[in-house]
Amino acid sequence: MTDPFSSPPHPPHSSARSYPPHTSSPSYDTYPWMPQDQDPAPAPARDQPSRGPRHSALGHHSDLRVLRSAYRWQRRVATLTALGYFVLFLLLSAFAPSFMTSEVSGGLSTGLLLGLLQVPVTCLAIWLYEHTARHRVDPLADRMRDLAAVDARRDARQDAGRRATR
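Bear in mind that the values here come from a model prediction, so they are computed numbers and not experimental data.

Q: Go over the overall build of the protein, please, and point to the residues and values.
A: From N to C terminus, the protein includes 4 helices and 2 strands. Going through the 166 residues of the protein one by one, you find that 17% of them count as buried. Sequence separation of at least 24 residues holds for 56% of the intrachain contacts in the protein that already meet a minimum separation of 6. As displayed, the protein offers around 13600 Å² of accessible surface, 60% of which is attributable to carbon and sulfur atoms.

Q: Hey, could you go over the packing of aromatic side chains for me, with residue numbers and the actual values?
A: Centre distance and the angle of the planes are the two values used to describe a pair of aromatic rings. On inspection of all chains with the given rule, the structure shows 0 aromatic pairs. Stacked on the ring of Trp-73, the Lys or Arg Arg-136 has its end atom at 4.2 Å from the ring centre.

Q: So what's going on with the environment of Trp-73? Residues and values would help.
A: If you trace the backbone, Trp-73 turns up in helix H1 (residues 63-95). Exposure remark for Trp-73: the relative accessible area of 38% places this residue in the partly exposed category.

Q: Account for helix H4 (residues 118-165), naming residues and giving values.
A: Between the first and last C-alpha of H4 there are 67 Å, a value that for 48 residues agrees with the 70 Å anticipated at 1.5 Å per step. At Ala-133, H4 is deflected by roughly 45°, the largest bend along its length. Where H4 is concerned, the buried positions are Gln-118, Val-121, Ala-125, Leu-128, Thr-132, Ala-133, Val-137, Leu-140, Ala-141, Met-144, Asp-151 and Arg-154. Taken together, the buried residues of H4 touch H1 and helix H3 (110-116).

Scoring rules and cut-offs
- Residues numbered from 1 in each chain as written.
- Predicted model: local features only at pLDDT ≥ 70, side-chain atom pairs only at ≥ 80, totals over all residues.
- Heavy atoms only, no water.
- Helix = DSSP H or I, 4+ residues; strand = E, 2+ residues; numbered from the N terminus.
- Buried < 20%, exposed > 50% of the residue type's maximum accessible area, 1.4 Å probe, protein only.
- Contact = heavy atoms within 4.5 Å.
- Areas by Shrake-Rupley, 256 points an atom, 1.4 Å probe, with all protein chains shown as cover.
- Phe/Tyr/Trp six-rings, centres within 6.5 Å; stacked < 30°, edge-to-face > 60°.
- Lys NZ or Arg CZ within 6 Å of the ring centre and 35° of its normal.
- Expected span 1.5 Å × (residues − 1).
- Bend = angle between axes of the 7 residues up to and from the residue.

Printed below as a string of structure tokens:
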């Protein structure tokens, strides 16, 4: 096979033969924010000044960095909430067994109480994830979608204008 994801052909039982380098990376960019190769624009007429794009391309916009950092913050807060509590529970179980076996009330030990509190803490982590998504990540993503739509409409108008002048 000749696609970029297939392995190179194996020689018949010859371990001394050297293999050509294997390229497993695809021939296209893997990130949507990377600029795409575009056909060079036709040279402008001598009487018209050359104009660059008025607005920066979507892939170079700083909102992408802000969106990535907001999403990263969202994941960290939710993960550290749930895992942090669980690690605290494990550390107390391992290093403070007298505290974990002490009775809170009516035969309920501290360890059992803290273990039962794991469910509400996990629910809190889920709520934090949704809350930060609703208030931090989603507005940025919506703004990026709106900017992409505006850029697409602007580029379509420019392309239509170029075709009409040819």
